[in-house]
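Examination of the molecular architecture
Below, each chain spelled out in residue letters.
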Amino acid sequence: MSTSASSGGERNAPDAVVTPADRTAPAAAAGGPAVIPAQDPASPSVPSSAAARRPGASAAAGTTPAALSLAAPEGLAGSASGRGSVGVGGGAVGVATAAVAPVVGPAAVGSPAAASAAAVQAPPRPAEPAATVAGPRRRARLVVATALRFEAMAAGRSGLPSDTVMVRTGMGPDKAARAARVVRQARPDAVAIVGLSGGLASGIKPGDIVVASEVRAADGSVAARCASAPLLAGDLRRLGLTVHVGPIVTVAKVATGDERTRLAATGAIAVDMESASIAAGVGDAPFAAVRVIVDTADEPLGRLDLVRRGVLGLRTMRRLGLPIGAWAAAVGRRTVLLAEPRAFCAGVERAIEVVERALEIHGAPVYVRKQIVHNSHVVADLAARGAVFVEELDEVPADATVVFSAHGVAPAVWNQADGRRLSVIDATCPLVEKVHAEARRFTSRGDTVLLIGHSGHEEVDGTLGEAPERIQLVQSPDEVDSLDVPDPERVTYLMQTTLAMDEAEEVVDALKERFPAIVGPGSADICYATSNRQNAVRKVAQEAQLVLVVGSANSANSVRLVEVSRRDGVASHLVENVGDVKLAWLDGVETVGISAGASAPPSLVEELTAALSGLGATDVTTRSVGTETVAFHLPKELRRAGITPATSATPAGSDARS
């Protein structure tokens, strides 16, 4: 229960109540178990047919769900009551159910696009394959705890799975501690506590949701870490809810005034009176605490509109059931396979360091044309440190410093920079510059260059700009027959560095059939990092039921990793971060592969792995095709400024060994 809007009449509520559904059901005999009776549509709680899924139990369609027995805590005598419940330590422990429609899964709402500092055309997204069918697995037993009756009523009408076991704890940590024993004896696979709460952090408003990253006791000790919180928060956000993830602290009495200020100073973002006590009784089962905020420092208790805020909070609670049900369905033991190599490549690390060093030398602002690399997290981090990302050079003040991105630019952009007297630092990846040099060399000798790539990608635009009249773009084998070249005997092909290898080979085969005299570059254009990551994700896809690729939607090499996995017959999704992972994808999946595009920070993979581990026991292992040791010099503009490169110099190319 919240530290705030609660019914005063419930302060003396029983210690733990699983409210009886069938009020005519006979009470359990003294000292006997509390029994969950048949479903009652008028009850404020959620039906539990979990016993029907246990060995020896059965419940045919259209019949009364089987009863689940919860033995009274040792040393606490049970006694019959007029409400058909069992007394526990002076309070009633009963059982209740309510009519709840079965839940298939969370609402299928797309993840919002991550904001980027500069608009970049995204490469085409791969088509969704049919999901890999996982083997049958017992549905997780979900226990949901609420403090007060009206919270239980809201939760019971929220769309929770029909076999959810609900426990009403009563208000405060002492009653919640006694209720924790009831939770434990339900033998849960997953436990969630939901209800109203008070907000502590600035920016949190009534009606917002807080999902606990950890639950703290009043003394600051951590009662539970909730590693899967970002996954649950993501499903909630896809319903259009405002969600915050952070620590929740449990206190013994309503926190107001100076006490609220003190708690906020500890880093907790919400305060309640039950979560830590329930968490202490969960054991190893995954735990989630989801609180709807009804009061804050700016809108405290005692205001006349508290009732309005309480009603708003309860309405919001009625939207929590589907995501919590999806979270419980995703719970279970699984294996995570990490593709190696993954995440940052040498060219991306160099480009990021270029901006960092430019900021050290010149101070903010340093302008960057386009995104330095195609990852919104990298862009946001550099923007926070003083980088200003622009689409075109006319947005840059004359005489300012500008960095060209890792994807390269056409000669016309260099000419524009000269005309505006801009100080240019070129962060073009050396392997992209290699393709530019080949384009200049082949066109200068009179060849028609056929560039295999994707229209609108910045790297392609830059290469085409080397000789627009002599370079043609080819995106697929279907376009080969329509090509018109001046001399079929003088044709050369080049490639965008981030293509899928098999995709590019299909185009090359079609070109060779149409132009038998065609020649290619002296060495492969698809860069070592792209090839290595594709080979690694293929190795993972051989074993995984699901592959998650971390990267931005406008990252061509990240999109290619998804396509490669799907061509190998494995369900695969591109995710910007852990919050983009839909819990429904994980239902029944026991082996998950993870990779990341060459522009994605390694920390995002670590966050995703940690969140998956919060859903149950997780074995993490690596599938490697080699180790990359490539590094590049920083641009001469920074070396002349006396900055020592953080990366050692080695020739461009691959040193990955399989």
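Note that this is a predicted model, so its numbers are computed, not measured.

1. Description of the overall build of the chain
- Secondary structure summary: the chain contains 18 helices and 24 strands in total.
- Here the chain holds 658 residues, and 57% of them are scored as buried.
- Considering only intrachain contacts with a sequence separation of at least 6, the fraction spanning at least 24 residues in the chain is 77%.
- Accessible surface, the chain: about 25700 Å² in total, of which carbon and sulfur atoms supply 51%.

2. Considerations on the packing of aromatic side chains
- Under the counting rule described, the total for this entry stands at one aromatic pair.
- Each ring, one from Phe-404 and one from Trp-414, has its centre 5.0 Å from the other, and the planes form 85°; the classification is edge-to-face. Within this pair, whereas Phe-404 is found in strand β16 (residues 401-404), its partner Trp-414 is found in helix α10 (residues 411-419), the two being separated by ten residues in sequence.

3. Points about a negative patch on the surface
- Taken together, Asp-478, Asp-481, Glu-505, Glu-506, Asp-509 and Glu-513 make up a surface patch of like negative charges.
- Position of Glu-513 relative to the elements: it lies in helix α13 (residues 501-514).
- A residue is classified by how much of its surface remains accessible, and Glu-513, at 69% relative accessible area, is exposed.

4. Considerations on the sheet that holds strand β13 (residues 334-340)
- On the basis of which strands lie adjacent, the open sheet formed by five strands has the order β22-β21-β23-β13-β24 and parallel pairing. With partners counted over all chains shown, the strands left at the sheet margins are β22 (571-575) and β24 (618-624), one partner each. Strand-to-strand twist across the sheet, computed as the mean angle between neighbouring axes with direction ignored, equals 25°.
- As paired elements, β13 and β24 share seven bridges and run parallel to each other. When the sheet's bridge partners are listed, Leu-338 is paired in β24 with Thr-622.
- Docked against the sheet, helix α17 (residues 602-613) engages β13, β21 (546-550), β23 (591-596) and β24, running at close to 165° with respect to β23.

5. A short note on helix α8 (residues 346-362)
- The first and last C-alpha atoms of α8 sit 24 Å apart over 17 residues, in line with the 24 Å expected at 1.5 Å per residue.
- Of all 17 residues in α8, twelve are buried, a share of seventy percent or more.
- Listed in full, the buried residues belonging to α8 are Ala-346, Gly-347, Val-348, Arg-350, Ala-351, Ile-352, Glu-353, Val-354, Val-355, Arg-357, Ala-358 and Leu-359.
- Just downstream of α8 lies Gly-363, where phi reads positive at about 75°.

6. A few points about the sheet that holds β16
- Taken together, four strands build an open sheet; the order of strands is β15-β14-β16-β17 and the sheet is parallel. The strands lining the two open edges of the sheet, one partner per strand, are β15 (387-390) and β17 (423-426). Sheet twist, expressed as the mean angle between neighbouring strand axes with direction ignored, is 30°.
- Pairing analysis gives three bridges linking strand β14 (residues 366-369) to β16, with the strands arranged parallel. Bridge pairing in β16 links Tyr-367 to Val-402.

7. Regarding the side chain of Ser-158
- Of note, Ser-158 is situated in the loop between α1 (149-156) and β6 (165-168).
- Setting aside its immediate chain neighbours within four residues, Ser-158 contacts Met-317, Arg-318, Arg-319, Leu-320, Gly-321 and Leu-322.

8. With respect to the nonpolar core
- In terms of nonpolar packing, the biggest core is built from 84 residues, with Ile-278, Phe-287, Trp-327 and Leu-586 touching the most fellow members.
- With seven residues, the single largest contributor to this core is strand β12 (residues 287-295).
- If we ignore the near neighbours within four places in the chain, the residues touching Trp-327 are Leu-142, Ala-190, Val-191, Ala-192, Ser-228, Leu-232, Pro-286, Phe-287, Ala-288, Leu-583 and Leu-615.
- Phe-344, Ala-351, Val-355 and Leu-431 belong to the second-largest nonpolar core, a separate cluster that totals 34 residues.

9. Describing the packing of helix α14 (residues 528-541) against helix α15 (residues 556-567)
- α15 packs onto α14 with a crossing angle of 30° between their chain directions and a minimal axis gap of 9 Å. When the interaxial angle is binned, α14 and α15 end up roughly parallel. In terms of crossing hand, the pair formed by α14 and α15 is right-handed. Residues Thr-530, Arg-533, Gln-534, Val-537 and Arg-538 of α14 pack against Asn-557, Arg-560, Leu-561, Val-564 and Ser-565 of α15.

10. Some points on the side chain of Arg-350
- Its location among the elements puts Arg-350 in helix α8.
- Buried and unpaired, Arg-350 has no salt bridge, with Asp-426 as the nearest side chain of opposite charge at 6.4 Å.
- A polar contact of 2.9 Å, which involves the side chain of Arg-350, links it to the backbone oxygen of Thr-428.
- For Arg-350, the contacting residues outside a window of four places in its chain are Asp-426, Ala-427, Thr-428, Cys-429, Pro-430, Phe-632, His-633, Leu-634 and Pro-635.

11. Brief notes about the pattern of salt bridges
- Taken as a whole and assessed by the stated rule, the structure comprises 29 salt bridges.
- With its nearest N and O atoms 3.2 Å apart, the salt bridge here joins Arg-333 to Asp-619. Taken as a pair, Arg-333 in the loop between α7 (321-330) and β13 and Asp-619 in strand β24 lie far apart in primary sequence, 286 residues in all.
- Using a relative accessible area of 35% as the deciding quantity, one classes Asp-619 as partly exposed.
- We note a salt bridge from Glu-356 to Arg-385, for which the minimum N-O separation is 3.2 Å. One end of the pair, Glu-356, is in helix α8; the other, Arg-385, is in the loop between α9 (376-384) and β15, with 29 residues separating them in the sequence.

12. Focus on unusual backbone geometry
- Here the bond from Glu-340 into Pro-341 is cis, since omega is 5°, no more than 30 degrees from zero.
- In this structure, Pro-341 sits in the loop between β13 and α8.
- The omega torsion of the bond from Ala-364 to Pro-365 falls at 0°, within 30 degrees of zero and hence cis.
- Its location among the elements puts Pro-365 in the loop between α8 and β14.
- With a phi close to 65°, Ala-343 is a non-glycine residue in the positive phi region.
- One non-glycine residue with positive phi stands out, namely Arg-421, at about 55°.
- Tracing the backbone through its elements, the reader meets Arg-421 in the loop between α10 and β17.
- According to the relative accessible area criterion, Arg-421 is exposed, its value standing at 53%.

13. Observations concerning empty space enclosed by the protein
- According to the stated counting rule, one finds four cavities of 30 Å³ or more in the structure shown.
- Approximately 260 Å³ is the volume found for the largest cavity.
- Together, 23 residues line the largest cavity, and Val-348, His-407, Thr-497, Thr-498 and Asn-557 are the ones closest to its centre.
- Going through the elements one at a time, α8, α11 (430-444), α14 and α15 are the ones with two or more residues in the lining of the largest cavity.
- When the residues that make up the lining of the largest cavity are grouped by side-chain class, the tally is twelve nonpolar, ten polar and one charged.

14. A few points about the confidence of the model for the chain
- Confidence in the prediction for the chain averages 81 pLDDT; 76% of positions are at 70 or higher.
- Contacts of residues 1-14 to residues separated by more than four positions or lying in other chains number 62 contacts, the stretch itself having pLDDT below 50.

What counts as what
- Residues numbered from 1 in each chain as written.
- Predicted model: local features only at pLDDT ≥ 70, side-chain atom pairs only at ≥ 80, totals over all residues.
- Heavy atoms only, no water.
- Helix = DSSP H or I, 4+ residues; strand = E, 2+ residues; numbered from the N terminus.
- Buried < 20%, exposed > 50% of the residue type's maximum accessible area, 1.4 Å probe, protein only.
- Contact = heavy atoms within 4.5 Å.
- Areas by Shrake-Rupley, 256 points an atom, 1.4 Å probe, with all protein chains shown as cover.
- Phe/Tyr/Trp six-rings, centres within 6.5 Å; stacked < 30°, edge-to-face > 60°.
- Patch = residues over 30% accessible without salt bridge, like charges linked within 9 Å, V, L, I, M, F, W, Y side chains within 5 Å.
- Salt bridge = Lys/Arg side-chain N within 4 Å of Asp/Glu carboxyl O.
- Lys, Arg positive; Asp, Glu negative; His and termini not counted.
- Charge placed at Lys NZ, Arg CZ, Asp CG, Glu CD.
- Pairing = 2+ DSSP bridges.
- Axes fitted to C-alpha atoms, helices over the stretch in contact; angles between N-to-C directions.
- Expected span 1.5 Å × (residues − 1).
- Core = buried A, V, L, I, M, F, W, Y, C linked by side-chain atoms within 4.5 Å.
- Parallel < 35°, antiparallel > 145°, perpendicular 65-115°, else oblique.
- Left-handed = near helix turned anticlockwise from the far one by under 90°.
- Polar contact = N/O pair within 3.5 Å; in protein donor to acceptor, adjacent residues only side chain to side chain.
- 1 Å grid on protein atoms, 1.4 Å probe; cavity = no way out; pocket = protein on both sides within 12 Å on 5 of 7 lines; lining within 4 Å.
- Points joined across faces, edges and corners; volume = space filled by probe spheres on them.
- Nonpolar A, V, L, I, M, F, W, Y, C, P; charged D, E, K, R; others polar.
- pLDDT = per-residue confidence, 0-100.

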